[in-house]
Amino acid sequence: MSTATPTAGKPAKKAAKATGLTWTIADADHMTQAEIYGEVLTQAALKDGRVVALTADLAKSTKIGKFEQKVPERFFNFGIAEANMFAVASGMAETGLIPVVSTFAVFASLRAAEFVRTDVCYQKRNVKIIGTHSGTSFGQAGTTHHCTEDIAVMRCLANMTVIAPADARATAKAVEAMLAHDGPVYIRIGRGFEPPCYKDMDFEFTIGKSNLLRDGTDITVIAAGIPVLQAVEAADRVKPDGVSVRVIDMHTIKPIDEEAIVRAVQDTRRLITVEDHTVVGGLGTAVADVIAKSGKGCAFRKLGYQDEYSIVGYPEDLQHRYGIDADGIVSAIGEVLKQDFEQDEDWEDE
Amino acid sequence: MLAAAERKRLQDKARAIREEIVKVTYACGGSHIGGAMSQTDVLVALYYKYMRIDPARPDWEDRDRFVLSKGHGGVGHAVVLADKGYFERKLLDDFNKTGSPFGMHLDRLKVRGVDASTGSLGHGFGISIGMAMGARLTGRQFRVYCVVGDGECHEGSVWESAMAAGHFKPTNLTVFVDRNRFCLDGPTEEVMPLDPLDGKFESFGWRVLSIDGHDFDAICGAIETAHAETARPVVVIANTVKGKGVDFMENQTAWHYGGLDDRMKARALESIARS
């Protein structure tokens, strides 16, 4: 687990120039997750002729349109037809290309699920998938366009790596890591209006290694994606009351950072997971699997959509309603701190 | 027109492949033998006359690719690959057995010479388009051949693929539809009609060649016509007979999938020898 300092609060007012390993991004403070990935991909494609982009009539919505302008000969729009697009990506990968498929999370993970499974994962094809508008980030579009199941679906596919970056800066690093990784990768991002969590580019982003954003001893909040910033805000809010909260950005849900989870169980004995996703099969389930395997007792709560379909509304209203914003996390912290659980006898700290 | 000796060479090879399909089916307890028989002549023309491949180098980057989109014809494809020398024939003795690399639908990561793992219908067609587009993008000259089942054309994704190829025009791709007119539950025109199949592809922007899929002159002529086409992707509707070569299997819904006992095996081999 690497450490980093997040910004809890408003985005920085001054535009900053952020430099990655192979690309340069201007105005990282004001670019959204989606704009950033479009930019990073375009830069990568200009340097690496193997990178090709595929979309299904969502070039504008998924912000991959920049790629189309700069590298038109390696940009392919398949119209509103996702299944074939993933099959084509698999075939392109056979020729040594690195196809990056971009569409809404709900279509990548559900409509085209069998193509992702059979043509990409089963055949170990080097195809990259970026699911945008995940969770309820496209709140007003309604439940058909929400996607609260993609982590669960993608996580259960063998050979797949699943990443949910917390903000635009993390997305830039995630895209870079994705391109360097050999094998299928799924990155889920929001619609692109989310405030930044990381204040600059000075942090590690390694697939499978979580980031420690706040250290703490009373309770641990493990979050992925947009709720990471909310977890940081919640931690800062309860701090004056003397509650010491550890916050972990579990940006890679598969393979998950087991070591960080077991250490959190050992150190804080109380854990909360937060995700913009159903609590069935997502981050919370992945963390619960690790806790169960460790054989150690702890108080545990999963925040997310509780096996239900999300209602229509503004994303921030929905995050509040379903308890995955800072308010919801603060309440859950209070409840889990009071929760009884069976303590192990043989732990060295007892 | 093929020279008589060339025609006979291909016919003899097709007969040998069909005999092998019968023997493997007998040994493994059952296979999708009907469709394996109907596709055989197209596979023989491709593998024994046209494809630029090297069985010693199954990963050779410039090899022609073959995708059996109707993956249930895998038993027939495996027999061809064994005969070409991709692996030893005796490995097929374990076909379908627990732990064998060979199941009904071939896995590219387990079987040398298989370019795409297929089985679920409506996938291989799109994969072959990706390979053909990839050849163009990477500046390679290889060709891609794909065999789609006619029942497979019930799948919506086939028409997504047909539409995409009509748009991107990969002329280095040749698609065959094994038009044996049967799917699992019965004749295609009763289960879910496909005709006019040629008109459907034409309206999606394809050049359509409709041939007798058991006539090597016609198959070879179609392949050469496809090679010469520079404007549109080519689909060859190979009109075939399900169970071709085995008299008691031909055009029988029941022989979509089946096993053979000693008596049936002997009769099947006799029938193929006469064909």
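A. Expanded view of the overall build of chain A. Within chain A one finds 12 helices and 15 strands. Within chain A, the proportion of its 350 residues that are buried is 63%. Of all intrachain contacts in chain A linking residues separated by at least 6 positions in sequence, the fraction that spans at least 24 positions is 77%.

B. Representation of the interface of chain A and chain B within the structure. Taken residue by residue, the interface counts 26 residues in chain A and 28 residues in chain B. For the pair chain A and chain B, the summed buried area comes to about 2,100 Å², and 60% of that belongs to carbon and sulfur atoms. Glu94(A) serves as the salt-bridge partner of Arg63(B), at 2.9 Å between the closest nitrogen and oxygen. For the pair chain A and chain B, the number of links is 13 residue pairs in polar contact (both at pLDDT 80 or more). Here the side of chain A that touches chain B gets nine residues from one element, more than from any other, and that element is helix α3 (residues 82–94) of chain A. The residue inventory of the side of chain A that touches chain B, partitioned by class, reads 11 nonpolar, seven polar and eight charged.

C. Main features of the domain arrangement of chain A. Residue and element names in this part refer to chain A. Looking at chain A, the domain boundaries give domain 1 (2–188) and domain 2 (211–338). Spacing between the C-alpha centres of domain 1 and domain 2 amounts to 24 Å. On the domain 2 side, the residues contacting the 35 residues of domain 1 number 38 residues. For the pairing of domain 1 and domain 2, the buried interface totals around 2,700 Å² over both sides, and the portion due to carbon and sulfur atoms is 54%. Looking only at domain 1, the three residues that lose the most surface to domain 2 are Thr136, Thr148 and Arg155, adding up to 22% of its buried area. Our enumeration of links across domain 1 and domain 2 arrives at one salt bridge. A salt bridge links Arg155 to Asp289, with the nearest nitrogen and oxygen atoms 3.1 Å apart. The tally of links from domain 1 across to domain 2 stands at 20 residue pairs in polar contact (both at pLDDT 80 or more). Those elements that place two or more of their residues in the side of domain 1 that touches domain 2 are β1 (2–3), α6 (150–155) and β8 (161–163). With four residues, α6 is the largest single contributor of residues to the side of domain 1 that touches domain 2. A class-by-class count of the residues in the side of domain 1 that touches domain 2 yields 14 nonpolar, 17 polar and four charged.

Definitions and cut-offs
Residues numbered from 1 in each chain as written. Chains lettered and ligands numbered in written order. Predicted model: local features only at pLDDT ≥ 70, side-chain atom pairs only at ≥ 80, totals over all residues. Heavy atoms only, no water. Helix = DSSP H or I, 4+ residues; strand = E, 2+ residues; numbered from the N terminus. Buried < 20%, exposed > 50% of the residue type's maximum accessible area, 1.4 Å probe, protein only. Contact = heavy atoms within 4.5 Å. Buried area = accessible area lost by both parts, 1.4 Å probe. Salt bridge = Lys/Arg side-chain N within 4 Å of Asp/Glu carboxyl O. Polar contact = N/O pair within 3.5 Å; in protein donor to acceptor, adjacent residues only side chain to side chain. Nonpolar A, V, L, I, M, F, W, Y, C, P; charged D, E, K, R; others polar. Domains from an automatic or database assignment.

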